[in-house]
Amino acid sequence: MAAGDRVVRTVGKDSSRDASWRIVLAGAALAGFALSPFSRALEGYEFDLLTSLTAPAPPDAGVLVVGLDEASLAELGQAPPLPRRFHAELIRALADGGAAGLGVDMLFAEPQTERDDEALRLALRGPLPVVLAGATVANPSSQVARYAQQMPSIFPDAARGDVTMPLDADGVPRRAPAQADAMWRVLAQQGGRAIGQLPEGALLRYYAPELPLAYAHYTQALEAPRRLPAEALRGKLVLLGQNTPVGGVDQFRTPFTVLGAGTQSGVFLHATALVNGLRGDWIRPVPGPLAWLAAVLAMVAAAAFTRRWTALRALAVHGALGVGAVVAGAAGFVYGWWLAVAPVLLGLAVHWNLGAAHGYLRERARRQRLRADFARYVPPEVVDALVASDAGLHVQGERRTLTLLFADLAGFTAASESLPPEAVARTLNQYFSRMAHCVLSHGGTLDKFIGDAVMAFWNAPLPDAEHAGRATACAQAMQDEMEVLRAQWRGTPFADVGLRIGVHTGEAAVGHMGSTERFTYTAVGDAVNTAARLEAANKALGTDILLSGATVAAVARTPPPGSALLWLDTVVLSGRSTGIDVYTLCHDQALAVLAETLRSHVEAGRLHDALQGCAAWRDHAAQHAPRWAAHADALAERLRAALAHAQVLGQVEPISLPPRPLSKS
């Protein structure tokens with residue numbers, strides 16, 4: 001049985017058991033969280049977020065809020081508490097305007113002047129139904145564990161509505177005021193408006209704060225005939241309350257606070273409850289245990305679809321279930337039903353993390369088995385690449401931009417003809433050891449040895465943003481090592497052996513290639529052939545290192561320290577139809593600049609300027625770099641031939657210079 005088969009079958013055999021354990025452990029974690037105080041806080045946060053994101057525009061339910069706000073106090077020249085004669089005038093104005101009822105969210109627990117109290121008492125006996133606020137205030141005491149004090153109005157003949165708002169632990173009113181004498185309920189009854197039965201555990205449906213409930217300033221309502229539309233009050237249930245956010249009196253945090261909104265006056269909360277009651281627009285919470293049951297079912301579904309755990313599949317399944325739960329929860333919330341989604345998301349997150357942790361441990365064990373099985377058959381570095389790439393046993397390759405290097409000994413075959421095989425082997429081992437060290441120390445992947453040639457590449461199996469620069473530096477280091485080897489080989493036929501190196505950057509297929517019985521980690525493609533032909537082209541150009549224009553572009557003109565990139569020519573390699581720019585490494589930066597200027601002239605078709613550039617190259621090289629003078633002469637000869645041919649054809653600049661063809665030999 002192949003090792004890969006053992007891995008696959010082990011995973012398949014254990015998957016059901018693993019899925020069961022994930023569900024059990026995730027369920028236990030979920031149960032612990034459900035019993036903690038953080039559960040309620042998370043549900044409150046979810047309610048606030050859903051409210052903020054789905055809050056509808058307030059419906060027209062015949063409710064008007066009259067606010068005793070800063071503008072009204074300034075206009076009246078008063079400060080709270082307002083003399084009650086103004087409230088008496090307001091009641092008469094509302095009655096004259098045809099209002100159906102008035103709820104006063106202000107506590108009249110203490111008397112004012114006899115004149116003011118009498119004026120309000122007379123107004124309360126008028127035709128307009130008025131509900132005055134009452135409240136139940138909790139008074140903590142060291143002697144009594146729970147003590148609530150009633151705060152009745154000093155006007156006992158008026159209807160009473162409890163304005164106590166139930167607050168959650170974080171101070172946000174989310175629950176509907178359910179008491180039988182709640183202000184919203186009593187006001188609706190006094191105004192002759194029908195209300196449905198309050199659902200058990202009903203929550204407030206908040207309306208979009210940017211589209212507020214119908215509102216009038218206190219002073220506008222006082223002078224309604226003059227300052228309000230004719231039908232502004234007719235048939236309306238009016239709620240009067242203080243609306244002075246700056247002073248902080250009767251202000252509450254709301255679900256909108258989660259997204260940065262400010263507080264809201266209590267009168268608006270009572271108005272919201274009243275509109276909810278008139279329209280049956282409450283939020284009905286689904287019992288909490290059902291939410292946790294939904295979380296368990298979501299985990300079971302996730303486990304069922306991820307019995308064969310893979311990261312992307314598991315992420316897609318958990319993400320889809322999570323998104324589905326959020327969409328369903330939001331849709332239900334819009335239609336007045338709230339099934340908390342947080343337990344489902346939490347359960348999926350716990351299940352995902354347990355699966356990811358188990359997958360990591362399983363993958364680590366798999367890699368160790370893979371390493372043990374194949375370290376006996378392939379080199380350790382290939383095993384590392386195999387494990388890291390998760391290639392398995394099948395043949396595969398991926399497209400990637402590589403910088404490839406071919407190095408070959410020039411004259412080695414002739415030098416080895418007169419020596420015994422043992423001496424040749426020792427020499428090759430010395431050479432391969434130093435070349436391999438150069439490749440590995442510069443971050444390259446040593447592909448193979450082909451006779452006396454070395455093939456290496458960069459940017460695989462691990463990505464390397466500086467692959468071209470590292471390969472170029474490696475080429476220079478290999479030539480330096482070759483100098484050391486030639487010194488060691490002095491007195492042998494190998495003392496005059498040279499090293500030719502070709503470097504090219506391009507796309508190739510890289511991966512584990514071969515048959516199912518034997519394979520190797522290698523690269524194939526046109527870029528590989530180009531690098532090999534560049535190595536061979538050194539012979540025709542009299543160079544030791546040739547770099548393609550693509551490599552030079554990737555190096556970003558940053559050669560190895562102490563070296564410059566010298567453009568030599570545009571050539572057509574053997575077996576190819578298009579030309580490429582070729583460069584080499586030199587130690588004369590000024591010459592490299594002259595050559596680059598010459599290249600730009602050739603590329604632009606300015607062959608006369610290019611000829612002058614050749615002369616400048618030749619003069620500079622004659623004094624400072626004699627090795628490269630012949631290149632200027634050869635290029636100048638081609639330029640003159642191209643100009644002569646253009647003159648015969650009657651062409652004028654720009655004139656293209658055909659690339660130099662190179663034979664395979």
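No experiment lies behind these values; they were computed from the predicted model shown.

Once that is clear, we can look at the overall build of the chain. Looking only at helices and strands, the chain has 21 helices and 20 strands in total. Across the chain, the fraction of contacts at a sequence separation of at least 24, relative to all contacts at a separation of at least 6, is 74%. Total accessible area on the chain stands at roughly 32400 Å², and carbon and sulfur atoms take up 58% of it.

With respect to the helices and strands, Thr584 occurs in strand S19 (residues 580–586). The spatial distance from the C-alpha of Thr584 to the C-alpha of Thr543 is 7.4 Å, given a sequence separation of 41 residues. Ignoring anything within four residues of it in the chain, the contact list for Thr584 reads Thr543, Ile545, Ala564, Leu565, Leu566, Leu568 and Trp628. A polar atom in the side chain of Thr584 sits 2.6 Å from the backbone oxygen of Ile545.

Under the 1.5 Å per step criterion, the end-to-end length of helix H9 (residues 266–279) is 20 Å for 14 residues, consistent within 8% with the ideal 20 Å. Once H9 ends, the next one or two residues include Gly280, with phi positive near 60 degrees.

The next point concerns the environment of Gly562. Of note, Gly562 is situated in the loop between helix H18 (549–555) and strand S18 (564–572). Classification of Gly562 as exposed rests on a relative accessible area of 58%. Along the primary structure Gly562 and Leu585 are separated by 23 residues, whereas in three dimensions their C-alpha atoms are 9.7 Å apart. If near-sequence neighbours (up to four positions away) are discounted, Gly562 is found in contact with Cys586 and His587.

This paragraph deals with the confidence of the model for the chain. Note that predicted coordinates carrying low pLDDT should not be read in detail. In the predicted model, the chain carries a mean pLDDT of 84, and the fraction of residues at 70 or more is 85%. Per-element confidence in the chain ranges from a low mean pLDDT of 56 for helix H1 (residues 3–34) to a high of 96 for strand S17 (residues 545–548). Low confidence marks residues 1–14, where pLDDT is under 50. Its contacts with residues over four positions away, or in another chain, come to 12 contacts. Across residues 373–379 the pLDDT falls below 50, and counting only partners more than four positions away or on other chains, this stretch makes 7 contacts in the model.

Turning our eyes to something else, we now look at a nonpolar patch on the surface. On the surface, a cluster of nonpolar side chains totalling about 470 Å² of accessible area is made up of Leu290, Leu293, Val296, Leu297, Val300 and Leu339. Position of Val300 among the secondary structure elements: in helix H10 (residues 288–305).

We now examine the pattern of salt bridges. Using the criterion set out here, one finds 28 salt bridges in the structure. For the salt bridge of Asp168 with Arg175, the shortest nitrogen-to-oxygen distance reads 3.1 Å. Given the relative accessible area of 36%, Arg175 is considered partly exposed. Put simply, Lys448 and Asp447 hold a salt bridge, and the shortest N to O gap is 2.7 Å. The exposure class of Asp447 is buried, given its relative accessible area of 10%. Several salt bridges share partner residues, and in doing so they unite Asp48, Asp168, Asp170, Arg174 and Arg175 into one network.

Sheet topology note: the strand S13 (residues 445–450)/strand S14 (residues 453–458) ladder contains 5 bridges and is antiparallel. In the strand pairing of S14, Lys448 is matched with Met455. In sequence, S13 turns back onto S14 through a hairpin of 2 residues, with Gly451 there showing a positive phi of about 65 degrees.

As a further point, take unusual backbone geometry. Of note, the bond from Ala460 into Pro461 is cis; its omega dihedral lies within 30 degrees of zero at 5 degrees. For the bond running from Glu653 to Pro654, omega is 10 degrees, close enough to zero to count as cis. Positive phi, normally seen in glycine, also occurs at Asn459, with a value near 85 degrees. Position of Asn459 among the secondary structure elements: in the loop between S14 and helix H16 (467–488). The exposure class assigned to Asn459 is buried, which follows from its relative accessible area of 12%.

This part takes up helix H19 (residues 589–604). With 16 residues, H19 should reach 22 Å at 1.5 Å per residue; the first-to-last C-alpha distance of 23 Å fits that figure. Of all the residues in H19, the buried ones are Leu591, Ala592, Ala595, Leu598, Arg599, His601 and Val602. Elements that come into contact with the buried residues of H19 comprise S18, S19, helix H20 (607–624) and helix H21 (629–649). Capping of H19 at its N-terminal end is provided by Asp588; its side-chain oxygen lies 3.1 Å from the backbone amide nitrogen of Ala590.

Across soluble globular proteins, you tend to see nonpolar side chains buried next to one another. In this structure, Tyr431, Met478, Leu499, Ile501 and Trp617 are the most contacted members of the largest nonpolar core, which totals 72 residues. Dropping the residues within four chain positions of it, Leu499 is found in contact with Ala407, Asp408, Leu409, Tyr431, Met435, Met478, Gln479, Met482, Arg486 and Asp544. Of all hydrophobic cores here, the second largest spans 38 residues; its members include Ala182, Val186, Phe252 and Val267.

Attention now moves to the pairing of S19. Within S19, 6 of the 7 residues are buried, which leaves the element mostly enclosed by the surrounding structure. The pairing of S17 with S19 spans 2 bridges and is antiparallel. Looking across to S19, one finds that Ser548 is bridged to Val582. Here 7 bridges tie S18 to S19, and the two strands are oriented antiparallel to one another. What sits directly across from Thr570, in S19, is Asp581.

Turning our eyes to something else, we now look at the side chain of Thr445. Summarising the element assignment, Thr445 is placed in strand S13. By relative accessible area, which is 17% here, Thr445 ends up buried. The residues contacting Thr445, other than those within four sequence positions of it, are Val439, Met455, Ala456, Phe457, Ala460, Pro461 and Tyr521.

The full count for this structure, using the stated rule, is 10 aromatic pairs. Between Tyr206 and Phe256 the ring centres are 5.9 Å apart and the planes differ by 85 degrees, which places this aromatic pair in the edge-to-face class. Of the two residues, Tyr206 sits in the loop between helix H6 (183–190) and strand S6 (215–217) while Phe256 sits in the loop between strand S8 (251–252) and strand S9 (264–265), which places them 50 residues apart along the sequence. The burial state of Tyr206 is the same as that of Phe256; both residues are buried.

Of note, Asp105 is situated in strand S2 (residues 101–105). Salt bridges are absent for the buried Asp105, whose nearest opposite-charge side chain, Arg160, sits at 11 Å. Looking at Asp105, its side chain comes within polar contact range of the main-chain nitrogen of Val267, at 3.4 Å. Here Asp105 is in contact with Ala133, Val163, Leu240, Gly241, Asp250, Gly266, Val267 and His270, once residues within four sequence places are set aside.

Glancing now at the packing of H6 against H9. Two elements in contact, H6 and H9, have axes whose closest approach is 8 Å; the angle formed by their N-to-C orientations is 55 degrees. Looking at the two axes, H6 sits oblique to H9. Along this stretch, H6 crosses H9, giving a crossing that reads as right-handed. Contacts between H6 and H9 involve Met183, Trp184, Leu187 and Ala188 from the first element and His270, Ala273, Leu274, Gly277 and Leu278 from the second. Residue composition of the contact of H6 with H9, grouped by class: 7 nonpolar, 2 polar and no charged.

Here is what the cut-offs are and how they apply
Residues numbered from 1 in each chain as written. Predicted model: local features only at pLDDT ≥ 70, side-chain atom pairs only at ≥ 80, totals over all residues. Heavy atoms only, no water. Helix = DSSP H or I, 4+ residues; strand = E, 2+ residues; numbered from the N terminus. Contact = heavy atoms within 4.5 Å. Areas by Shrake-Rupley, 256 points an atom, 1.4 Å probe, with all protein chains shown as cover. Polar contact = N/O pair within 3.5 Å; in protein donor to acceptor, adjacent residues only side chain to side chain. Expected span 1.5 Å × (residues − 1). Buried < 20%, exposed > 50% of the residue type's maximum accessible area, 1.4 Å probe, protein only. pLDDT = per-residue confidence, 0-100. Patch = residues over 30% accessible without salt bridge, like charges linked within 9 Å, V, L, I, M, F, W, Y side chains within 5 Å. Salt bridge = Lys/Arg side-chain N within 4 Å of Asp/Glu carboxyl O. Pairing = 2+ DSSP bridges. Core = buried A, V, L, I, M, F, W, Y, C linked by side-chain atoms within 4.5 Å. Phe/Tyr/Trp six-rings, centres within 6.5 Å; stacked < 30°, edge-to-face > 60°. Lys, Arg positive; Asp, Glu negative; His and termini not counted. Axes fitted to C-alpha atoms, helices over the stretch in contact; angles between N-to-C directions. Parallel < 35°, antiparallel > 145°, perpendicular 65-115°, else oblique. Left-handed = near helix turned anticlockwise from the far one by under 90°. Nonpolar A, V, L, I, M, F, W, Y, C, P; charged D, E, K, R; others polar.

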